[in-house]
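Analysis of the macromolecular model
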Amino acid sequence: MDTFKNKAEIYCARGEHCIEDVRTKLLQWGAPDDIITPIVTHLLANDYINEQRYCNAFAHDKLRYQKWGKKKIAYALHSKRIATNIIEDALKNIDETEYNTILSKLITQKKGATKEQVTRFCMQRGFEYSRINELLCYIDSETTADMD
């Protein structure tokens, strides 16, 4: 058990991971089922794993680097079996100015595309329909004002 525990500690010390990631990694390493829960409990007790910290980092990174919206981030975190309240807290911590800036850049990258195509593209990235529509209208009004 100590070998798997040490490997798990090193794995968690190198980057943020959630419980599901650690369980999966332990199984890949060949850890017996009966030692996985005690190892995870140890990692949680010693703050190697902190799901709130993990969610905050995950949400920040997926928004900034992959340009994912809140819906796609939430879906990915749910698939890792993270509690809904933890996910909601992480999504609340997303900087709204950065969120809108990233969405605006995605919208403007699609110059020449129809509104429907832009909306579909942004929704596939996980952005909310209402937010997309709001920014599309704002960008249209800015463009129209520039032409006057």
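The shown structure was predicted, so the numbers you read here are calculated from the model rather than taken from an experiment. (Residues numbered from 1 in each chain as written. Predicted model: local features only at pLDDT ≥ 70, side-chain atom pairs only at ≥ 80, totals over all residues. Heavy atoms only, no water.)

Observations concerning the overall build of the protein chain
Of regular secondary structure, the protein chain possesses nine helices and zero strands. Start at the N end of the protein chain and walk to the C end: the helices and strands fall as α-α-α-α-α-α-α-α-α. Relative to the 2.2 N^0.38 estimate, which gives 15 Å for 148 residues, the radius of gyration of the protein chain is 20 Å and therefore markedly larger than a compact globule would have. Taking all 148 residues of the protein chain together, the buried fraction comes to 36%. Within the protein chain, contacts between residues at least 6 apart in sequence are counted, and of these 63% link residues at least 24 apart. Here the protein chain has roughly 9000 Å² of accessible surface; of this, 50% comes from carbon and sulfur atoms. Of the charged side chains in the protein chain, 22 are positive and 22 negative, and the gap between their average positions amounts to 5 Å. (Helix = DSSP H or I, 4+ residues; strand = E, 2+ residues; numbered from the N terminus. Rg over C-alpha atoms; globule rule 2.2 N^0.38 Å. Buried < 20%, exposed > 50% of the residue type's maximum accessible area, 1.4 Å probe, protein only. Contact = heavy atoms within 4.5 Å. Areas by Shrake-Rupley, 256 points an atom, 1.4 Å probe, with all protein chains shown as cover. Lys, Arg positive; Asp, Glu negative; His and termini not counted. Charge placed at Lys NZ, Arg CZ, Asp CG, Glu CD.)

Regarding the nonpolar core
Counting 29 residues, the largest nonpolar core has I73, L77, I82, C122 and F127 as its most contacted members. Sequence-distant contacts of C122, that is, excluding residues within four places in its chain, are made with L103, L106, I107, F127 and I132. Y11, L26, A31 and L43 belong to the second-largest nonpolar core, a separate cluster that totals 13 residues. (Core = buried A, V, L, I, M, F, W, Y, C linked by side-chain atoms within 4.5 Å.)

Brief notes about helix α1 (residues 2-14)
Between its terminal C-alpha atoms α1 stretches 18 Å, which fits the 18 Å expected from 13 residues at 1.5 Å a residue. Within the span of α1, buried status applies to F4, A8, E9, Y11 and C12. The arc that holds the buried residues of α1, viewed along the axis, is 165°, so those residues lie on one side. In α1, the exposed positions that point more than 90 degrees away from the buried face belong to D2, T3, A13 and R14. On its buried side, α1 packs onto α2 (19-28) and α3 (33-45). (Expected span 1.5 Å × (residues − 1). Arc of directions from axis to C-beta.)

A closer look at the environment of F121
Relative to the assigned elements, F121 resides in helix α8 (residues 115-124). In this structure the C-alpha to C-alpha distance between F121 and G69, which are 52 residues apart in sequence, comes to 11 Å. When neighbours within four sequence positions are excluded, F121 is seen to be in contact with L106 and K110.

So, the environment of R120
Following the sequence through the fold, R120 ends up in helix α8. For R120, a relative accessible area of 49% translates into the label partly exposed. Put simply, R120 and I132 are twelve residues apart on the chain and 9.6 Å apart in space, counted from C-alpha to C-alpha.

Remarks on the environment of L103
Along the chain, L103 turns up in helix α7 (residues 96-109). Separated by 84 residues in the primary sequence, L103 and I19 place their C-alpha atoms 31 Å from one another. What L103 contacts, discounting residues up to four positions off in sequence, is C122, F127, R131, I132 and L135.

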